[in-house]
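So you can see what is in the structure, the chains are spelled out below.
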Amino acid sequence: MKMFSEEWVKALVERLKKDEEFQKKGVGFDSNLQFKVLKDSKVKLESDTAFGMWIPSCDPFWYGTKDDKEVDIIHEAKAGVYTEVFGGKKNVVMALTMGSIKLKKGSLTKLTGN
């Protein structure tokens, strides 16, 4: 399954719905989050894509870009950065604070719960 494909997003959503730790950490978050994934030759993603979901329920979720006005929080990064984050090799909060993931809309405080 190709990472960042619609099939991959559906599988990610199903995994997160069943992940007790993710669900527990997301209690009270209640916002929708969009990931803008930028093309990256290092991971063979040839065009930009996007997906998003309501956190923590992951329902609804979408594949493709929603208008910024319809989304509470928007992250943007190269596909290689997200590959490391989703693969557990890079911490998302560290990636945000170091600037490898850009927070295009929303609050870091809301994301980190601090």
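Above: the structure in question.
Residues numbered from 1 in each chain as written. Predicted model: local features only at pLDDT ≥ 70, side-chain atom pairs only at ≥ 80, totals over all residues. Heavy atoms only, no water.

Q: Can you break down the nonpolar core residue by residue, with the values?
A: Membership of the largest hydrophobic core comes to 24 residues, with the highest contact counts inside it found for Phe4, Phe35, Val37, Phe51, Met53, Tyr82 and Ile101. Broken down by element, this core gets its largest block of residues, five residues, from helix α1 (residues 6-18). Aside from chain neighbours lying at most four places away, what touches phenylalanine 4 is Val37, Leu45, Thr49, Phe51, Tyr63, Ala79, Tyr82, Thr83 and Phe86. (Core = buried A, V, L, I, M, F, W, Y, C linked by side-chain atoms within 4.5 Å. Buried < 20%, exposed > 50% of the residue type's maximum accessible area, 1.4 Å probe, protein only. Helix = DSSP H or I, 4+ residues; strand = E, 2+ residues; numbered from the N terminus. Contact = heavy atoms within 4.5 Å.)

Q: Lay out α1 with the relevant residues and their values.
A: Here α1 is 13 residues long and its end C-alpha atoms lie 19 Å apart, about the 18 Å a rise of 1.5 Å per residue gives. Where α1 is concerned, the buried positions are Trp8, Val9, Leu12, Val13 and Leu16. Axial view of α1: buried residues confined to an arc of 135°, hence all on one face. Residues of α1 that are exposed and angled more than 90 degrees away from the buried face: Glu7 and Lys18. Residues of α1 that are buried in the fold lie against α2 (20-25), β2 (49-55), β3 (61-63) and α3 (79-86). (Expected span 1.5 Å × (residues − 1). Arc of directions from axis to C-beta.)

Q: Now, about the sheet that holds β3: what can you tell me, with residues and values included?
A: A sheet is described by the order of its strands in space; here five strands give the open sequence β3-β2-β1-β4-β5, paired in mixed fashion. The open sheet has two edge strands, β3 and β5 (102-105), and neither has a second partner. Within the sheet, the average angular offset between the axes of one strand and its neighbour, ignoring direction, is 20°. Lying on the sheet, α3 is in contact with β1 (31-38), β2 and β4 (73-78); it crosses β4 at an angle near 110°. (Pairing = 2+ DSSP bridges. Axes fitted to C-alpha atoms, helices over the stretch in contact; angles between N-to-C directions.)

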